[in-house]
Every structure is written in structure tokens, then in C-alpha cells.
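# Results of the structural survey
Spelled out, the chains give:
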Amino acid sequence: WLGAGLLIGGCFAFLVIRSARYRLSIEGELEAAIRRREIAVQYQPIVELATRRCVGAEALARWHHRGTAISPDIFIELAERHGLIQSITDLVLDRVIAELGGFLRSHPDCYVSINVSAVDLTSRRFLDYLGQRLNGTGIEPAQIRIEATERGFVDAQAAVQVIQAFREAGHPVYIDDFGTGYSSLSYLQTLPVDALKIDKSFVDTIGYEAASSSVAPHIIGLAQTLGLDVVAEGVEHEEQAAYLYESGARFAQGWLFSPALSAEAFMRFVEAGPPG
Ligand code: C2E
Ligand code: CA
Ligand code: CA
Ligand code: CA
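Residues numbered from 1 in each chain as written. Chains lettered and ligands numbered in written order. Predicted model: local features only at pLDDT ≥ 70, side-chain atom pairs only at ≥ 80, totals over all residues. Heavy atoms only, no water.

Let's shift gears to the coordination of the calcium ion (ligand 2). Expected angles at a metal are 109.5 degrees for tetrahedral coordination by four donors and either 90 or 180 degrees for octahedral coordination by six donors. The coordination sphere of the calcium ion (ligand 2) contains the protein donors Glu58 (OE), Asn115 (OD1), Glu147 (OE) and Asp176 (OD), at a distance range of 2.2 to 2.3 Å. Sequence spacing of the donors to the calcium ion (ligand 2): E-x56-N-x31-E-x28-D. In this structure, the calcium ion (ligand 2) lies 3.6 Å away from the calcium ion (ligand 3), the two metals sharing Asp176 as a donor. With Glu58 in strand E2 (residues 54–65) and Asn115 in strand E4 (residues 111–116), this pair connects stretches of sequence that are 57 residues apart. You can call Asn115 partly exposed: its relative accessible area is 28%. (Donors = N, O, S within 2.8 Å, 3.2 Å for Na, K, Ca; no water. Helix = DSSP H or I, 4+ residues; strand = E, 2+ residues; numbered from the N terminus. Buried < 20%, exposed > 50% of the residue type's maximum accessible area, 1.4 Å probe, protein only.)

What follows deals with the site of ligand 1. Not every one of the 21 residues close to ligand 1 is listed here, only the nearest: Gln44, Arg62, Lys200, Glu236 and Trp255. At 2.9 Å, a side-chain N or O of Gln44 approaches a nitrogen atom of ligand 1. Separating a nitrogen atom of ligand 1 from a backbone N or O atom of Ala61 is a distance of 3.1 Å. Surface burial for ligand 1 is 84%, taken as the share of its 800 Å² of free accessible area covered by protein chains. Counting atoms within 2 Å of the grid points, the majority share of ligand 1 lands in the largest pocket. (Near = heavy atom within 4 Å. Polar contact = N/O pair within 3.5 Å; in protein donor to acceptor, adjacent residues only side chain to side chain. Areas by Shrake-Rupley, 256 points an atom, 1.4 Å probe, with all protein chains shown as cover. 1 Å grid on protein atoms, 1.4 Å probe; cavity = no way out; pocket = protein on both sides within 12 Å on 5 of 7 lines; lining within 4 Å. Sits in = over half its atoms within 2 Å of the grid points.)

It is worth spelling out the layout of surface pockets at this point. Here the largest pocket is characterised by a volume of approximately 1200 Å³. Glu58, Leu60, Pro72, Asp73 and Asn115 are the residues nearest the centre of the largest pocket, which is lined by 37 residues in total. Elements with a minimum of two residues in the lining of the largest pocket: E2, helix H3 (72–81), helix H4 (85–106), E4, strand E5 (144–149) and strand E6 (173–178). Tallied by class, residues from the lining of the largest pocket come to 14 nonpolar, 10 polar and 13 charged. Roughly 270 Å³ of volume is contained in the second largest pocket. Along its surface, the second largest pocket is lined by 16 residues, and Arg52, Arg53, Cys54, Val270 and Gly273 are the ones closest to its centre. Of the residues that constitute the lining of the second largest pocket, the class distribution is 11 nonpolar, two polar and three charged. (Points joined across faces, edges and corners; volume = space filled by probe spheres on them. Nonpolar A, V, L, I, M, F, W, Y, C, P; charged D, E, K, R; others polar.)

This paragraph deals with the coordination of the calcium ion (ligand 4). Every protein donor of the calcium ion (ligand 4) is listed here as Asp177 (OD), Asp199 (OD) and Glu233 (OE), and their distances to the metal cover 2.4 to 2.6 Å. All donors to the calcium ion (ligand 4) come from one chain, and their sequence spacing reads D-x21-D-x33-E. Taken as an interatomic distance, the gap from the calcium ion (ligand 4) to the calcium ion (ligand 3) is 3.3 Å; Asp177 donates to each of them. With Asp177 in strand E6 and Glu233 in the loop between strand E8 (229–232) and helix H10 (238–246), this residue pair connects regions lying 56 residues apart in the sequence.

Core analysis: the biggest nonpolar cluster contains 77 residues, and Tyr43, Leu244 and Phe266 have the highest contact counts within it. The element contributing the most residues to this core is H4, with 10 residues. Every residue in contact with Leu244, bar those within four places of it in the chain, is listed here: Leu49, Val203, Ile206, Ala216, Ile220, Ala232, Val235 and Ala249. Listed in part, the seven residues of the second largest apolar core include Ile46, Tyr174, Ala195 and Phe251. (Core = buried A, V, L, I, M, F, W, Y, C linked by side-chain atoms within 4.5 Å. Contact = heavy atoms within 4.5 Å.)

Below you can see the structure in the form of C-alpha cells.
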């Protein structure tokens, strides 16, 4: 009996210590933050290069932990590793609807794009959630767009079907960070998407390298051949905007136009209209 008692006691102590350790770990803290709905969202304006008119925004998750902002590059990766990313995707959508639902209804040309992760592309789960949440809000499907990275195409067959399903439901799909993944060209012909987002790394080099070695115009040309829109990201300088526009890119986002904003500031940004 003593042996059994010690064994049960030991198991109990082990479980208590393990759950305490989980709670104190960074992934435990992230899980608690998600449960308490402490993940915030900021909106980075996307502008039409020709007019500088704001056409929409990208929703970017934010986590303030014990007074410091943790970079999404860190906590998104953490969430992906610990099975928490789907909760974040859902939370971001909930926030978009809560914070910008009325605004989107009164601005039917304005859209918000949401980043989805690899697991969100393996099944219809998020698409079904999205459908339920939009039901009765008056927000058009085209006002919620999907950003999928090439890293998300681990199960390419499933991803193609899920992407097709998003588009059939009326949600345009963008390939995010285009050119930084693998096999970009081979799948593009069969992959049904609406636009490519040119990664910041290809925008950064504009103006610093000989124009002939710049990759951005080639991506834009490829997009045009395939009939896809282009959004350039991370545009910080006027000369980058000019070069991208002359190369045929229609849309861009970056600090030149605006950093990511609170919902209130984003709505004011749209209402203010283009500068000048
Ligand atoms: P991303 O999708 O490539 O998002 C663009 C990142 O570039 C954002 O960083 C944005 O703040 C930053 N950025 C925009 N314009 C400029 C600029 O002109 N200069 C510079 N230096 N940076 C600029 P952020 O917010 O730190 O997000 C980092 C990454 O985290 C995102 O990269 C995205 O992959 C991921 N992420 C953010 N929110 C979510 C989310 O809700 N779900 C998922 N799955 N991933 C997210
Ligand atoms: Ca993105
Ligand atoms: Ca991106
Ligand atoms: Ca990027």
C-alpha cells in the first residue's frame, strides 16, 4: 500500500509540477493570453500606387506581454509550434469584425486581409468559421481576403483545394512573401490565386543595386502574365514606390504610406484620403 501511495503521490506531484512549468513557460503564457483574448490587432494601410488612395489593410497580430511588445515573428512561430495558431487566426478575425465591421459595411470597397498559417490551409475549418462569423454582418466576402505564404503549402494538394474553396466563397487569396519560399514557379500555373505580395526583401534592394539585378520587375511581369494583381510590401522610400509603379505594380504597403495603425487611426486614415 505504501508503494502504491507513493506512486500515486509521485504521479500527482509530477503532474502539478508539469502544469506549473507549462503555465510559467512562454507558450503557457501565450496560451493564457489567447484565452484572455489579449492578442490585439493593428491595421497597415494598403494603397493604390497611382492615386495613393487607401484600398484596404492587412491585419497584424500584436501581443503585449508584461509591458513589452513581442514580435509576431516570435509569437506566431511559437503558436505554430504549440498548436495555438488556429486560435490566433480566429481571434484576429473576431477583432476585425468587432473593430471594423461597421466601417466595412459603410465602405464596401475597402477590405482587410488576414494572414493564415499552414494548418489553416489543410482543412476547411477556418473557412467554415469565417462563413459563420460573417453571416448577418453585412460584410461582403470580398472584403475579407486571405494571405497565405508559400510555407503554408506543405500539403500542396490540400492547400490548393482549401484555397479554391476560399475563392469560391468570394474571398480573394494572395500569396504572401512571394519569392521567399520554394518551387514558386512550378505551382503558380496550377494554383488558383488572385494576387502576389512581393516580399520586403525584394523591395529593400531597389535603389541600392543596379536596376538590372532587381528581382521585383520580374515578379511583377510574371504576375501580369498570369493575370494577377501585385501588392509590394515594406515600401519605405519614394524612389521604391516610383520604381515599383513604373514596373507595373498596382498596390503597395509600407512605412512610406503608413505603419500599422489602431482600428480608430486606420478609419481616420481612410477618411482623410490621399495626401495633397
Ligand atoms: P508579413 O505578413 O510579411 O507582414 C508584414 C510585416 O512587415 C509586418 O511586420 C509589418 O509591420 C512590417 N512592415 C510593413 N511595412 C514595413 C516597412 O515599410 N518597413 C519595415 N521594416 N517593416 C514593415 P509584423 O507586424 O512584425 O509581422 C511579422 C510577420 O508576422 C508577418 O509578416 C506575418 O508573417 C506574421 N503575422 C503577423 N500577424 C499575423 C497573424 O495574425 N497570423 C499569422 N499567421 N501570421 C501573422
Ligand atoms: Ca502578410
Ligand atoms: Ca508579407
Ligand atoms: Ca514579409
